[in-house]
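Summary of the model geometry
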Number of protein chains: 4
Amino acid sequence: MYEIRTDLALEAREKYEQDNVEIKGVRLEKEKMCEDIRITTMVIETENGARSMGRPKGNYITIEAASMDDEDERYHRMISEQLARIIKRLAPKGKQLSALVVGLGNREVTSDSLGPKVADRLFITRHMMREFGDDVFGKKQKRVSAIVPGVMAQTGMESSEIIRGILRETQPDFVIAVDALAARSTKRLNRTIQITDTGIHPGSGVGNHRHPLTEDALGIPVLAIGIPTVVDAATIVNDTMNNLLEALAEHAPYGRMRNSYRSLDEVEQYELVRELLAPHLNTLYVTAKDIDASVNRLSGTISDAINLALQE
Amino acid sequence: MYEIRTDLALEAREKYEQDNVEIKGVRLEKEKMCEDIRITTMVIETENGARSMGRPKGNYITIEAASMDDEDERYHRMISEQLARIIKRLAPKGKQLSALVVGLGNREVTSDSLGPKVADRLFITRHMMREFGDDVFGKKQKRVSAIVPGVMAQTGMESSEIIRGILRETQPDFVIAVDALAARSTKRLNRTIQITDTGIHPGSGVGNHRHPLTEDALGIPVLAIGIPTVVDAATIVNDTMNNLLEALAEHAPYGRMRNSYRSLDEVEQYELVRELLAPHLNTLYVTAKDIDASVNRLSGTISDAINLALQE
Amino acid sequence: MYEIRTDLALEAREKYEQDNVEIKGVRLEKEKMCEDIRITTMVIETENGARSMGRPKGNYITIEAASMDDEDERYHRMISEQLARIIKRLAPKGKQLSALVVGLGNREVTSDSLGPKVADRLFITRHMMREFGDDVFGKKQKRVSAIVPGVMAQTGMESSEIIRGILRETQPDFVIAVDALAARSTKRLNRTIQITDTGIHPGSGVGNHRHPLTEDALGIPVLAIGIPTVVDAATIVNDTMNNLLEALAEHAPYGRMRNSYRSLDEVEQYELVRELLAPHLNTLYVTAKDIDASVNRLSGTISDAINLALQE
Amino acid sequence: MYEIRTDLALEAREKYEQDNVEIKGVRLEKEKMCEDIRITTMVIETENGARSMGRPKGNYITIEAASMDDEDERYHRMISEQLARIIKRLAPKGKQLSALVVGLGNREVTSDSLGPKVADRLFITRHMMREFGDDVFGKKQKRVSAIVPGVMAQTGMESSEIIRGILRETQPDFVIAVDALAARSTKRLNRTIQITDTGIHPGSGVGNHRHPLTEDALGIPVLAIGIPTVVDAATIVNDTMNNLLEALAEHAPYGRMRNSYRSLDEVEQYELVRELLAPHLNTLYVTAKDIDASVNRLSGTISDAINLALQE
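What you are looking at is a predicted structure, and each value in this text was computed from that prediction instead of being measured. (Residues numbered from 1 in each chain as written. Chains lettered and ligands numbered in written order. Predicted model: local features only at pLDDT ≥ 70, side-chain atom pairs only at ≥ 80, totals over all residues. Heavy atoms only, no water.)

Here the focus is the overall build of chain A. In terms of regular secondary structure, chain A is built from 12 helices and 9 strands. The contacts in chain A between residues at least 6 apart in sequence include a share of 72% that link residues at least 24 apart. Accessible area for chain A stands at about 13,300 Å²; split by element, carbon and sulfur atoms hold 46% of it. (Helix = DSSP H or I, 4+ residues; strand = E, 2+ residues; numbered from the N terminus. Contact = heavy atoms within 4.5 Å. Areas by Shrake-Rupley, 256 points an atom, 1.4 Å probe, with all protein chains shown as cover.)

All names here are of chain A. Tallying each qualifying case throughout the model produces 4 aromatic pairs over all chains. Seen from their ring centres, Phe123 and Phe137 are 5.1 Å apart, and the 75° between their planes marks the pair as edge-to-face. In this pair, Phe123 is assigned in the loop between helix 4 (114–120) and helix 5 (126–132) and Phe137 in the loop between helix 5 and strand 5 (143–147), connecting sequence segments 14 residues apart. A relative accessible area of 31% places Phe137 in the partly exposed class. (Phe/Tyr/Trp six-rings, centres within 6.5 Å; stacked < 30°, edge-to-face > 60°. Buried < 20%, exposed > 50% of the residue type's maximum accessible area, 1.4 Å probe, protein only.)

What follows is about the interface of chain D and chain A. On the chain A side, the residues contacting the 30 residues of chain D number 30 residues. Taken together, the two surfaces of chain D and chain A that pack against each other cover about 2,400 Å², and 49% of this comes from carbon and sulfur. By the criterion of area lost to chain A, the three top residues of chain D are Met157, Glu161 and Glu169 of chain D, representing 24% of everything that side buries. Linking chain D with chain A are 10 salt bridges. Linking chain D to chain A there are 16 residue pairs in polar contact (both at pLDDT 80 or more). (Buried area = accessible area lost by both parts, 1.4 Å probe. Salt bridge = Lys/Arg side-chain N within 4 Å of Asp/Glu carboxyl O. Polar contact = N/O pair within 3.5 Å; in protein donor to acceptor, adjacent residues only side chain to side chain.)

It is worth spelling out unusual backbone geometry at this point. All names here are of chain D. With a phi angle near 50°, Gln96 is a residue other than glycine that sits in the positive phi range. On the secondary structure map, Gln96 appears in the loop between helix 3 (73–90) and strand 4 (98–103). Classification of Gln96 as exposed rests on a relative accessible area of 61%. At Asn190, a residue that is not glycine, the phi angle is positive and equals roughly 60°. One can find Asn190 in the loop between strand 6 (174–183) and strand 7 (192–196). What makes Asn190 buried here is its relative accessible area of 0%.

This part takes up the relation of the copies chain D and chain A. Least-squares fitting of chain D to chain A yields an RMSD of 0.0 Å, with the transformation described by 0.0 Å of translation along the axis and a rotation of 180°. The relationship between the two copies is best expressed as a two-fold rotation axis. Among all residues of chain D, the one whose C-alpha sits closest to the rotation axis is Gly165 of chain D, at a distance of 1.9 Å. A shared binding surface is used by both copies, with 100% of the interface residues of chain D retained as interface residues in chain A. (Least-squares fit on C-alpha atoms with pLDDT ≥ 70 in both.)

When two helices pack together, you describe them by how their axes are tilted relative to each other and by the distance separating the axes. Residues and elements named next belong to chain D. Closest axis-to-axis distance for the helix 3/helix 12 (residues 291–311) pair is 8 Å, and the angle between their directions is 45°. Relative to helix 12, the element helix 3 lies oblique. Handedness of the helix 3/helix 12 crossing: right-handed. The residues of helix 12 that touch helix 3, namely those facing His76, Ile79, Ser80, Glu81, Leu83, Ala84, Ile87 and Lys88, are Arg297, Leu298, Thr301, Ile302, Asp304, Ala305, Ile306, Leu308 and Ala309. Of the residues belonging to the contact of helix 3 with helix 12, the class tally is 10 nonpolar, 3 polar and 4 charged. (Axes fitted to C-alpha atoms, helices over the stretch in contact; angles between N-to-C directions. Parallel < 35°, antiparallel > 145°, perpendicular 65-115°, else oblique. Left-handed = near helix turned anticlockwise from the far one by under 90°. Nonpolar A, V, L, I, M, F, W, Y, C, P; charged D, E, K, R; others polar.)

Right, let's get into helix 7 (residues 159–170) of chain D. Residues and elements named next belong to chain D. When the terminal C-alpha atoms of helix 7 are compared, their 16 Å separation across 12 residues agrees well with the 16 Å that a helix rising 1.5 Å per residue should span. Taking burial as the measure, the 12 residues of helix 7 include 10 buried ones, the bulk of the element. With its phi angle positive at about 55°, Gln171 sits one or two positions after the end of helix 7. (Expected span 1.5 Å × (residues − 1).)

Turning next to the pairing of strand 8 (residues 222–232) of chain B. All names here are of chain B. Of all 11 residues in strand 8, 10 are buried, a share of seventy percent or more. Looking at chain direction, strand 6 (residues 174–183) and strand 8 are connected through 9 bridges and run parallel. Note on strand 8: the bridge partner recorded for Ile176 is Leu223. Taken together, the 3 bridges between strand 7 (residues 192–196) and strand 8 define a ladder with antiparallel strand orientation. Residue Gln194 lies in a different strand from strand 8, and its bridge partner there is Gly226. (Pairing = 2+ DSSP bridges.)

Residue and element names in this part refer to chain B. By the definition in use, this model includes 72 salt bridges over all chains. Between Asp69 and Arg297 there is a salt bridge, and its shortest N-O distance comes to 3.6 Å. Here Asp69, found in the loop between strand 3 (58–65) and helix 3 (73–90), pairs with Arg297, found in helix 12 (residues 291–311); they are 228 residues apart in sequence, far enough to count as distant. Summarising the burial analysis for this pair, Asp69 and Arg297 share the class buried. For Glu158, the salt bridge is made with Arg210, and the minimal N-O distance between the two is 3.1 Å.

All names here are of chain A. Of all the 5 residues making up strand 7 (residues 192–196), 5 are buried; the element is thus mostly covered by neighbouring parts of the structure. Neither face of strand 7 is open: one carries Thr192, Gln194 and Thr196, the other Ile193 and Ile195, and all of them are buried. Inspection of the sheet shows strand 3 (residues 58–65) paired to strand 7 by 5 bridges, in the antiparallel sense. Bridge pairing in strand 7 places Glu64 opposite Thr192.

On to empty space enclosed by the protein, then. For the coordinates displayed, the defined rule picks out 3 cavities of 30 Å³ or more. The computed volume of the largest cavity comes to approximately 360 Å³. Taken together, 22 residues make up the lining of the largest cavity; nearest its centre are Arg107 and Val148 of chain B together with Arg107, Val148 and Gly150 of chain C. Looking at the lining of the largest cavity, the elements with two or more residues in it are helix 4 (114–120), strand 5 (143–147) and helix 6 (152–155) of chain B together with helix 4 (114–120), strand 5 (143–147) and helix 6 (152–155) of chain C. A class-by-class count of the residues in the lining of the largest cavity yields 10 nonpolar, 6 polar and 6 charged. (1 Å grid on protein atoms, 1.4 Å probe; cavity = no way out; pocket = protein on both sides within 12 Å on 5 of 7 lines; lining within 4 Å. Points joined across faces, edges and corners; volume = space filled by probe spheres on them.)

Take the environment of Gln82 of chain A next. Residue and element names in this part refer to chain A. Along the polypeptide, Gln82 turns up in helix 3 (residues 73–90). Judged by its relative accessible area of 12%, Gln82 falls in the buried class. It is 9.1 Å that separates the C-alpha atoms of Gln82 and Met33, two residues lying 49 residues apart in sequence. When neighbours within four sequence positions are excluded, Gln82 is seen to be in contact with Met33, Ile39 and Ile63.

With that settled, the discussion passes to the confidence of the model for chain A. When pLDDT is averaged along chain A, the result is 84, and 80% of the positions lie at 70 or above. With pTM at 0.84, the complex prediction returns an ipTM value of 0.84. (pLDDT = per-residue confidence, 0-100.)

With 19 residues, helix 12 (residues 291–309) of chain C extends 26 Å from end C-alpha to end C-alpha; this agrees with the ideal 27 Å at 1.5 Å per step. Judged by how many residues are buried, helix 12 of chain C sits mostly within the fold: 15 of 19 residues are covered.

All names here are of chain D. Note on placement: His201 falls in the loop between strand 7 and helix 8 (215–218). Remark: the alpha-carbon pair of His201 and Asp7, spanning 194 residues in sequence, is separated by 9.5 Å. Filtering out sequence-adjacent residues up to four positions away, His201 remains in contact with Pro56, His209 and Thr214.

Moving on to the side chain of Ser111 of chain A. Its place among the elements puts Ser111 of chain A in the loop between strand 4 (98–103) and helix 4. With residues near it in sequence (within four places) discarded, Ser111 of chain A still touches Ala180, Val206, Thr229, Val230, Tyr285 and Ile291 of chain A.

In this section: the side chain of Thr6 of chain C. Residues and elements named next belong to chain C. Secondary-structure assignment places Thr6 in the segment before helix 1 (9–18). Looking at Thr6, its side chain comes within polar contact range of the main-chain nitrogen of Leu8, at 3.0 Å. Looking at Thr6, its side chain comes within polar contact range of the side chain of Glu11, at 2.5 Å. With near-sequence residues (within four places) excluded, Thr6 lies in contact with Glu11, Ala12, Arg55, Ala182, Ala183 and Arg184.

Put into structure tokens, the structure is as follows:
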């Protein structure tokens, strides 16, 4: 079946929502911080739910903040605090835990550089706490280390190989993986944060990871934090078709056209969409013009949150 | 009337070509360098032609090179040589001329940084020739100076104000303005160079210049060199509609649909397209994933060409 | 006579201070903000004073802050506020004044990139106030524009040519020039800010400006703000000789050596120092290892101050 | 004993050379490529020699090239070819070997960014050869992977921990470690390349590595390639003292001074030098003004050489 690509569980859920279908094994809770910030917790509870959603069992929490792409220090601090709260909730509990933060993605490609930029701005403590004792930063600071593994074209190695090696040598208690995501809807670009305790899955991220970074694969819990920075151009085309249908439904003059599209069966519709994709579109993507500034700002919001979450 | 935005004269011409219309006052010559590189010279000769094309009288030369976005040093050198030849053809003739190269665009936005990056890599000679004599680099070197004026949000000034001031102080004989462009077709991204002796016009470029940089405005000839690095997302939507029509024309099952779209008049079609544009799409653009590397490579190709053209 | 190079008026004054000489025509006031921050106002009041100090009549205000090279947001805000206060004091008074901020130096050389980085972070208002009226940001906001002229090797033009041209076109009321400086003492690196109403003089700055940017040269008042980011290696050698003499004075075993150096006359001492300078030292400079981070931090401190000073 | 710090074995040897001492267990061969390029092979053959030189047994090959800091493509290619030849000589022999290149140092500190920048420009093949077979690039290409481990302040981990982990996972046959070095003599800055088969030792490099990256520590051969980009400021002071002594020896008027310094015993001389070191000098270093451009250029020279050496 033709699958619209999205890294956001929330967007995968939406296709059902439109049709008012309730999905067995998937629980949804909405929380509103203020006019502008909405937090949605989705729990995929059963294997059935996992199949329906096309992703593994676990917690998927989404912060949607319409003004997150603006430059407003107070607003970003507020989001950092919410994100820190969620990280704490999903992270393993216990004393003197140590975390390895993995900044996934390609430092040289602006839209894929979120992970490396977050790693650059973390408060790194492991080396100091090993040298001067666990109390050097006060009682409740966790041991924090970080790595930017780079992408396969730069290193010749899978990120998972590099990370597995480092885990074996340094033995942290859990991993926080940060990555730039692809969304389905352009209105979510740079305005949504997803946090999940299910880790990173093959095919996800702007860089299309090939191997899982999950508790199953690595042996320790993996939190994944991501922000969508791109939309596949193919998705835009598809959205256009949907908008077209919507438009046709509402406006009388297009009635004939809408009916003719509707009269196509699903396979015919899919084939039509595929044909519409110009060959060059596969390597293109849609992003905001000021993506350079956005990624800088958002990497600060996430790194602040991680610093907060691991300090108390 | 609804105008698809493109900075390439070649693309403006294409809408007529499809309908096999010959345009009065516009002359077209095609030249093929090799399998892969095609050079098209368009001369808008009359005011009538200018009106039809929506741009001023003058020469518009386009180098299309399908492999230009690849990393192949020999290939890029070949393009640089062709570009140098064209620059020499369009530039004012004479002894001891001096050129000011203007790197337009925003250094901080990858897709708009072509101009500044070209300026960074030029062979600058004016200061040396003033200090040590016109022969310091051999008989035929032109005086070259360069400026990166920045964008209005950074400077609070129009690029045209900055450039006019510098022209008055330093009195060069002509200007070469380099800028990143917007194209209509995704297949031209990073694969086409346009050179024109008509300068820079309001509304053109990734950054949407507000004021002209033309011989009329500045008092000296202005060559403009550009490469399309983005396609407006709105253009993609429009292309999709066209592809849709094409698809409908060729495949029997969609015949009904095509006919119903065709039965809409031009205004209805336009309104339909506008409605399909999601509100966020206006600030979005489509670009290649490896735009960071492309801009670095292409800025080298152009600066090599300018260096060649001004040295002999 | 052999002159130790420094861009800090305070350091030029110090050579006299050591000898307890009072200098006619030079007034000195010291102010202490707290344990750590010291502000010194030096007024060169007469031509005599100017000759003694080797720089023109005017105000030279120095903020020395021992912790300025550390990462402490509150501390930097405090310095920004002091600096803003001084800028206001030295800037022309009047309603609806407009300022052009000039970021001098070379963006590509870390230790010389202070000026460009300050310009990047300013609150630019001129274009908005021209378009939407002088009240668009409230009553008291000045018109602010900014330019990064680049260095002669990049542009082929003197900074002064570029700036004169822009002044003529855009007619601001005064200039604020920001530049990286050379100091004499390594302990001042990244820890001192100099503000003067005498502008920029030939030979000053990390980049050794060739032409003045002064009220005489440009026709409007010029404030200059600078931070020393380098010490000439030659200065280090000279300091070593001084330390040597000090050491000799205090420790008995070196008495013979000290006496023999002292027995050299001034010219002999100078010749000795020159001989000690290895030929390569001339193009070398001494800087802090973390200069990249320091320049980023300090450019924020200065741009915040300028933003504050021009907003109320 | 007081040791002048240098990462160049050649410079450690020089102190003996000055005194015309032959060192047991150390063999020296000089080779001259042309007027300008000199290659010196030093072999430390015995434990005795290792003690005298303060570094382990093995080969230390130095390319000194006076124009290496200039921008001359042909010259750099010539150096790359020499360096490639030496890498091949020192690297393990055999079919289908795989190499991990480690780019040591701090990407964010210009003078310490040589290693990361070399890693950025390598021809990486491991992932392609694993996926498409060992012949995908022709018969003789080695498997190449690369990692930029970052520095401890960024990662919280020793470079050696990260590398050991990656070695265990990916099993390469040998390591090539690239690092920026500290030299003793300013005339060697950016003009000397050292290649050794003894790896990286604690205390070496601009970043002062804490743990060894040697065959003993990692279990596979380690080639180390480095270029000096800094001189400790303390070294400059010391050089000055030596120049002082030289100057005194040659010029009559300073005879008394020279004799008084010579009359100090070694400990007194050392104490004098220590006293002359200003407290701030410890964190300062001397580097070339155009270090940013130099590191970019030299990273290309080294990566070209590694690419050449591993391709045939």
